[in-house]
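# Secondary and tertiary structure notes
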Amino acid sequence: MATIEFISGIREELTEIKLRRGQTSGNRIVVFVFEKVNAMDKLSSFSSGGAQYMLLNDEEGDIQVTPRNLEFFYKSDDNLAKLVCTFELIDDLQWQRLRRFMDRYAASNGMEYQDRGPQDKMKQ
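Residues numbered from 1 in each chain as written. Predicted model: local features only at pLDDT ≥ 70, side-chain atom pairs only at ≥ 80, totals over all residues. Heavy atoms only, no water.

### Some remarks on the pairing of strand β4 (residues 28–34)
A large share of β4 lies buried, amounting to 7 of its 7 residues. Burial of the side chains of β4 extends over both faces: Arg28, Val30, Phe32 and Phe34 are buried on one face and Ile29, Val31 and Val33 on the other. The pairing of strand β3 (residues 16–21) with β4 spans 6 bridges and is classified as antiparallel. Paired with Arg21 across the strands is Arg28, a residue of β4. In textbook terms, the turn of a hairpin is the stretch between consecutive antiparallel strands, and for β3 and β4 this stretch comprises 6 residues, one of which, Gly26, has a positive phi near 80°. In the sheet, β4 pairs with strand β8 (residues 79–89) via 7 bridges, with the strands oriented antiparallel. Considered in β8, the bridge of Phe32 is made with Cys85. (Buried < 20%, exposed > 50% of the residue type's maximum accessible area, 1.4 Å probe, protein only. Helix = DSSP H or I, 4+ residues; strand = E, 2+ residues; numbered from the N terminus. Pairing = 2+ DSSP bridges.)

### Some thoughts on the nonpolar core
Ranked by size, the top nonpolar core spans 27 residues in total, and within it Ile4, Phe32, Phe34, Met54, Leu56 and Phe101 carry the most contacts. For this core, the secondary-structure elements that each account for two or more residues are β1 (3–7), β3, β4, β5 (54–58), β6 (61–65), β8 and α2 (92–109). Top contributing element to this core by residue count: α2, with 6 residues. Apart from residues no more than four positions distant in its own chain, Phe101 is found in contact with Ala2, Thr3, Ile4, Leu56, Asn57, Asp58 and Ile63. (Core = buried A, V, L, I, M, F, W, Y, C linked by side-chain atoms within 4.5 Å. Contact = heavy atoms within 4.5 Å.)

### Brief notes about the sheet that holds β1
Read across the sheet, 4 strands follow the order β2-β1-β5-β6 without closing on themselves; strand pairing throughout is antiparallel. The strands lining the two open edges of the sheet, one partner per strand, are β2 (10–12) and β6. Looking at each pair of strands side by side, their axes are set apart by 35° on average, direction ignored. For β5 and β6, the ladder comprises 5 bridges, and the chain directions are antiparallel. The residue bridging Leu55 from the neighbouring strand is Gln64, located in β6. Along the sheet, α2 makes contact with β1, β2, β5 and β6, crossing β5 at roughly 70°. (Axes fitted to C-alpha atoms, helices over the stretch in contact; angles between N-to-C directions.)

Given below as structure tokens:
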């Protein structure tokens, strides 16, 4: 089973994945969207920059991802609407490994792939 964690042992549920290309670098930019973040329930420091990396785990092993950006969107002061986590992949080996992870995550969580042209998307 493929899992995502910001904090070891606390699984997160991905809502949406967006794939883009950097305009100047040409690198692949991956955007993970979470509507709920279980780690926030456990650690108040998470929302103030406490997440240094995200751990993606599947049968091939762990992928440690360092987010380039974490954006928190709130409905109200304490009511999270969504977390948008962005990271960049520099080479094709990283991309191929991430694609295998995403395929496994999608299969085990009822997500499907939608080709949107220059911007791909996986969504529940």
